[in-house]
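So the chains spell out like this:
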Amino acid sequence: MAEGKSILVDTSRCTACRGCQIACKQWHGLAGTHTKQAGSYENPSDLSDQTYKIVRFSEGKNGDGKPYWYFFSESCRHCLSPGCMAVAEKDEIVVDEKTGAVLYTPATKDLDFKETLKGCPYNIPRQNPTTKVLAKCTMCFDRITNGMIPACVKSCPTGAIQFGERDAILAAAKKRVEELKKTFPKASALDADEVRVIYIVTDDPKKYWKYASAK
Amino acid sequence: MTNHWIDLKNSDVILIMGSNAAANHPISMKWVMKAKDNGGKLICVDPRYTQTAARADFYAPLRSGTDIAFLGGMINYMLQKDKYFKEYVLNYTNAPFIVGDKYDFTDGLFAGYDPKKRSYDKTLWALKKDAKGMPEKDMTLQNPRCVFQLLKKHYSRYTPEKVSEITGTPIPDLIKVYEMYSETAAKDKVGTIMYAMGWTQHTVGVQNIRAMSIIQLLCGNMGMAGGGVNAMRGESNVQGSTDQALLFHILPGYLGAPAASLATFTKYNEARTPKTADPMSANWWQNFPKYSTSLLKAFFGDNATPENEFGYGWLPKLDDGQNCSWLNLFDAMYNGKIKGFFAWGQNPACSGANANKVRKALAKLDWLVNVNIFDNETGSFWKGPGMNPKEIKTEVFMLPCACSVEKEGSISNSGRWAQWRYKAADPPGDAKPDGDIMYELMEKIRELYKKDGGKFPAPILNLKWDYATDHVFDAHKVAKQINGYFLKDITLKDPTGKDLPFKKGDLVPSFAFLQADGSTSCGNWIYCGSYTGKGNMMARRSKNDPTGLGLFAEWSWCWPVNRRILYNRASTDLNGQPWDPKRPIVKWDGKAWVGDVPDGPWPPPADKEKGKHPFIMKPDGVASIYGPGLNDGPFPEHYEPLECPVPQNAMSKQFINPTIKIFAGEMDKHFTCDPRFPFVCTTYRVTEHWQTGIMTRWQSWLVEAQPQVFVEMSEELAQMRGIKNGDLVKVTSPRGEVDCVAMVTTRFRPFKLGNLVVHQVGMPWCFGWITPKDGGESSNLLTPNVGDPNTMIPESKAFMVNVTKAKGGA
């Protein structure tokens, strides 16, 4: 199924305000966990059953000695062929027909977590240590099936995260990459044909986040 | 802002300097990104590569406290390369004006300096006037004493080499910024500046902004859509609180505060009302007595009469030269001269520069009332670090107040838009809206004065105090009084000469109708028109934008008179035709102005009979490239911060701003160019925490994202000190120390100042001991209590520290 919905994350518009990260917690009623400052703006340090979205911060020096600082609002890609589903035998993990959202049901508690995680090229699924239920981004399924846009999209001040019909999002991604290429020859839309959550980057995706692309 | 948030989208070049808009004004970036979508360019100049820098088309570093050198170099570049907007500069600024013979500038000092008083005799800087009182001008700009030539001479010293030696900005980076920004000197190109505390919190804060104002005038960017000088306010209603005279030196609507030497209302009005001999100057402040009289009528109602000077005698007066700003207040408190203190919606124990002194000062009080939505380091100072509650006599009262969505009223944003907000929920428990607290407090005070008398009961008892409905504070009644009423039946004329009859009790539709005879009242003249017979204009929510320029003239209400862009008549040529036909903000159609509400109805200046110059708030009708009114000079000049890393000022023999006040008590320590404090430090906010964090540090999602105080430093500095990323370190200044986590980053780089290498670090000031428990302390324990000589805003953005590995650290 290639129709349905998609989300575009245009990192070239992201200001790392982290509104998306907080809005995700707010909508899903997830806890703020205890964290430490570890020498980065990035926090919490990883996805968890209480954190479906993290803005990854990555920095270094360009060839001219000037710094770069990349932001990558990481969450589930809602793959067209979800690798995490490989281990599912029944309906532990389902794909919604209309939207294409990949949804974890309470029955994921019966899945082999490690194997499920291994199936995901983006290192997304996490497990609730008590209930053993698996957790990740829901594409705000309850919102998008009730006429609202996902919480992260709603919170984004710069239009870095957009939501819409997949064909429209694909077209927007293509157009944006073409524009960006004039300034950033390495600009690309990551794994656009395989995922519903498409990231636009202007440099080597590995410089953003090690799991930015499946490739 | 002279312009407004949405207008940023109209810009061709946006300079963000003295702010980190992406982190601290996140929504502004919506409009910045729209400008970029339209082909605009974003420049970021900052000591640190920030979130804003990450989105910029070009980033250049500079050492904290050297902005005037950077901008002075830009002025020099524009004048040398002839990249300025000649027609605009000639007609709309004081560039052609002749400066009086006594003005001089030698080796860092302007004429008239008195080292004992640490101040200037500013009369020596006056512009030359002819026998009729008209300013003398040279429209060829060749006279060596004209402002233009003096400007050129002054900034000829700011060569790229010299600037780079001061700022540490590589010369190619300087030139690139100068090139990019001065493109907007073209008639149909426009540039804007977004700044915040990174420019104001310096001992040269006002002159930083003056320097940029000069650039904006040379480019002809004032009054234009997509232009202006745009201060981003740090809180949603800082603009409103300033408009309503939160500060000591003004009354509502920027009316200068009464002083002891101005003993009568007549003297006060005379002293505050500027004069002009130029018939083409609107000199809007000539209306001052109308606004001051209407204000007194709002204060004292029927008790204000011509016979008693409308109650002017009841107003408190400043001693001549007295300065009651923050640093002086807390110095007085520290020295036991202030007995009681309302800390209302603030947290000085964390927000005040040299916060250790602030905390000690709080302990000298008899009583402290803390009005806030949460407990904070101020209300609980007596049980904070280093305090012994047994030794502290201060009695502290906590009054819980409603938060913003739990009350009705207006907020005025940075773009001067007053937006009415409805109450969304009841405040919890005993918490009350601030208005209710103030109202009930004053009722009680009046009752006590009535019963027991007092030293001077007249101002209290004569106050017009009728802002309640059914004994409850009513925000609408306050808003209407701020707008103002007609106090008797009166017939006035509209601009076309038509009769306009008004009845006693009518709301005044515009400040043009305010009177100096006591027949009108108005709590703040610039808000006159905000709440009229047509209703509460601030509550308007129409999304009409016929110009497409984002004016949204029927959304909320904007002071003055709903004018969305100030000085908008300067966006047109002498005939009133837009410089930039693509973005016409106003246009003269031969009979009237069309577009935004113009700066007055008069024809453009080409009409020598009825026309007026565009800068109506200036007595000369033109903008000031040469500004003889400030305390530290008519041209911005680079001086080093009070604490700096260099042994001398590369620009002149004058090391620091010669007019700053230096406190010299036991808590007022500062060391410059001292090997014990070798690193420049600056402070800033983060997106996740609001100001001192008192509204956000109780919020688990935000604390999760930004849990502990940190210090950002370069890899080179870290290596020098043996510090690794994530290590615990101690940052020490002459005034205090803060333990924090090291954030070793490529985003700070050492500055090369000639042969000298200078390192800079930076810290957020949003933490405090009260919560979270392992969050750490406020970086204001380190900042110096020295201020700008015009505003006394503290120099929190450039001071000296040491950084060492903390004991017990990794």
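Residues numbered from 1 in each chain as written. Chains lettered and ligands numbered in written order. Predicted model: local features only at pLDDT ≥ 70, side-chain atom pairs only at ≥ 80, totals over all residues. Heavy atoms only, no water.

## A few points about the overall build of chain B
Part 1 of the reasoning: Scanning chain B from N- to C-terminus turns up 21 helices and 35 strands.
Part 2 of the reasoning: Relative to the 2.2 N^0.38 estimate, which gives 28 Å for 810 residues, the radius of gyration of chain B is 27 Å and therefore close to what a compact globule would have.
Part 3 of the reasoning: Expressed as lengths along the three principal axes of its C-alpha atoms, the size of chain B is roughly 80 × 70 × 55 Å.
Part 4 of the reasoning: Counting every position in chain B, which comprises 810 residues, the buried fraction comes to 60%.
Part 5 of the reasoning: Accessible surface, chain B: about 31,300 Å² in total, of which carbon and sulfur atoms supply 56%. (Helix = DSSP H or I, 4+ residues; strand = E, 2+ residues; numbered from the N terminus. Rg over C-alpha atoms; globule rule 2.2 N^0.38 Å. Buried < 20%, exposed > 50% of the residue type's maximum accessible area, 1.4 Å probe, protein only. Areas by Shrake-Rupley, 256 points an atom, 1.4 Å probe, with all protein chains shown as cover.)

## Topic: the layout of surface pockets
Part 1 of the reasoning: Of the volumes computed, that of the second largest pocket is approximately 1,000 Å³.
Part 2 of the reasoning: In this structure, the second largest pocket is lined by 34 residues; those nearest its centre are A:Thr183, A:Phe184, B:Lys36, B:Ala56 and B:Asp57.
Part 3 of the reasoning: When residues of the lining of the second largest pocket are assigned to their parent elements, the largest contribution, 5 residues, is made by strand S3 (residues 67–74) of chain A.
Part 4 of the reasoning: Taken together, the residues of the lining of the second largest pocket break down into 15 nonpolar, 7 polar and 12 charged. (1 Å grid on protein atoms, 1.4 Å probe; cavity = no way out; pocket = protein on both sides within 12 Å on 5 of 7 lines; lining within 4 Å. Points joined across faces, edges and corners; volume = space filled by probe spheres on them. Nonpolar A, V, L, I, M, F, W, Y, C, P; charged D, E, K, R; others polar.)

## Describing the sheet that holds strand S1 (residues 5–10) of chain A
All names here are of chain A.
Part 1 of the reasoning: On the basis of which strands lie adjacent, the open sheet formed by 4 strands has the order S8-S1-S10-S9 and mixed pairing. Looking along the sheet, the strands with just one partner apiece sit at the ends: strand S8 (161–165) and strand S9 (188–189).
Part 2 of the reasoning: Direction of pairing for S9 relative to strand S10 (residues 197–201): antiparallel, over a ladder of 2 bridges. Among the inter-strand pairings, Ala189 is bridged to a residue of S10, identified as Ile200.
Part 3 of the reasoning: In the packing of helix H5 (residues 166–181) onto the sheet, contacts are made with S1, S8, S9 and S10, and the angle to S1 comes to roughly 20°. (Pairing = 2+ DSSP bridges. Contact = heavy atoms within 4.5 Å. Axes fitted to C-alpha atoms, helices over the stretch in contact; angles between N-to-C directions.)

## Focus: the sheet that holds strand S25 (residues 557–558) of chain B
All names here are of chain B.
Part 1 of the reasoning: Spatially, 3 strands are ordered S15-S16-S25 in an open sheet, and the strand pairing comes out antiparallel. Edge positions in the sheet fall to strand S15 (409–412) and S25, since each of these pairs with one other strand and no more.
Part 2 of the reasoning: Summarising the sheet, S15 and strand S16 (residues 417–421) pair through 4 bridges and their orientation is antiparallel. The partner of Ile411 across the bridge, within S16, is Gln419.

## Section: the interface of chain B and chain A
How big an interface is tends to be expressed through the accessible area that disappears when the partners come together.
Part 1 of the reasoning: Each partner contributes residues to the interface: chain B has 44 residues there, and chain A has 39 residues.
Part 2 of the reasoning: Of all residues in chain B, B:Gln51, B:Trp701 and B:Glu704 bury the most surface against chain A, accounting for 23% of the area lost on that side.
Part 3 of the reasoning: Counting across the interface, chain B meets chain A through 8 salt bridges.
Part 4 of the reasoning: The partner of B:Glu716 in a salt bridge is A:Lys61, and the shortest N-O contact between them spans 3.8 Å.
Part 5 of the reasoning: There are 24 residue pairs in polar contact (both at pLDDT 80 or more) connecting chain B and chain A.
Part 6 of the reasoning: At the level of secondary structure, the elements contributing two or more residues to the side of chain B that touches chain A comprise helix H2 (28–37), helix H3 (51–55), strand S3 (58–60), helix H20 (700–705), strand S29 (710–714), helix H21 (715–721) and strand S31 (736–745) of chain B. (Buried area = accessible area lost by both parts, 1.4 Å probe. Salt bridge = Lys/Arg side-chain N within 4 Å of Asp/Glu carboxyl O. Polar contact = N/O pair within 3.5 Å; in protein donor to acceptor, adjacent residues only side chain to side chain.)

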